[in-house]
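Residue-level structure breakdown
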Amino acid sequence: MSFWKFFLGSGRHEKREKKELAHLDLVQDAMVKTMAAVAYADGNVDNDEIKRMGQIYNKVTGNHVESSAIKAGIQVALQNKKPIESILSRMSRDLEPTDKANIIHAGALIALANDVFDDSEHSTLRKAADAMSVGPESFKRIIDRAKNPD
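About the criteria used
Residues numbered from 1 in each chain as written. Predicted model: local features only at pLDDT ≥ 70, side-chain atom pairs only at ≥ 80, totals over all residues. Heavy atoms only, no water. Helix = DSSP H or I, 4+ residues; strand = E, 2+ residues; numbered from the N terminus. Core = buried A, V, L, I, M, F, W, Y, C linked by side-chain atoms within 4.5 Å. Buried < 20%, exposed > 50% of the residue type's maximum accessible area, 1.4 Å probe, protein only. Salt bridge = Lys/Arg side-chain N within 4 Å of Asp/Glu carboxyl O.

Focus on unusual backbone geometry
The phi angle at Asp-115 is positive, at roughly 65°, despite the residue not being glycine. For Asp-115, the position within the fold is in the loop between α6 (97-111) and α7 (119-131).

Given below as structure tokens:
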């Protein structure tokens, strides 16, 4: 049996790839819903914010997300009666610490997109951080990094 037949036939590669893709989908879902909740905290989400969410996701993760996925995530987040902290607390156990930090960072960036980080956005983001067990010191560092990217 050739090496490639053995490698491909083992299924280990396919299982690992499926697991990694499922994890990326989970992070995308959590990040989009968090950004939507933060953006909506001030009362509305406009097309410019939707476009920025895609740009922020791409910047923070290095991966591309389609605007249709952003819009679908926003619709689900806005129609869902559960608060963002309830959604994230269920996802939290499957997220790595870096994922959690990136989700909070993306939320902070969307809050700062209009150069105003109002109390409702801060409160929503703080609840999201609490749901993922991101402590106050880490939360502060993430917010500071978003405010001062240099």
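Quick word on the nonpolar core
Across soluble globular proteins, you tend to see nonpolar side chains buried next to one another. By size, the foremost hydrophobic cluster in this structure holds 42 residues, and its most contacted members are Met-31, Met-35, Leu-88, Ile-104 and Leu-125. Elements with a contribution of two residues or more to this core: α2 (12-40), α3 (47-61), α4 (67-79), α5 (84-91), α6, α7 and α8 (136-147). The leading source of residues in this core is α2, at nine residues.

Observations concerning the pattern of salt bridges
Any two side chains of opposite charge can pair, so long as their charged atoms come close to each other. Summed over the entire model, instances satisfying the criterion amount to five salt bridges. The salt bridge partner of Asp-29 is Lys-33, with a shortest N-O separation of 3.2 Å. Separated by four residues within a single helix, Asp-29 and Lys-33 lie in helix α2, roughly one turn from each other. The exposure class of Asp-29 is partly exposed, given its relative accessible area of 27%. Between Asp-130 and Arg-126 there is a salt bridge whose closest N-O contact spans 2.3 Å. Linking Asp-130 with Arg-126, this pair stays in helix α7, spanning four residues, or about one helical turn. The class for Asp-130 is partly exposed, based on a relative accessible area of 46%.

Function cannot be inferred from these measures alone, as they are strictly geometric.
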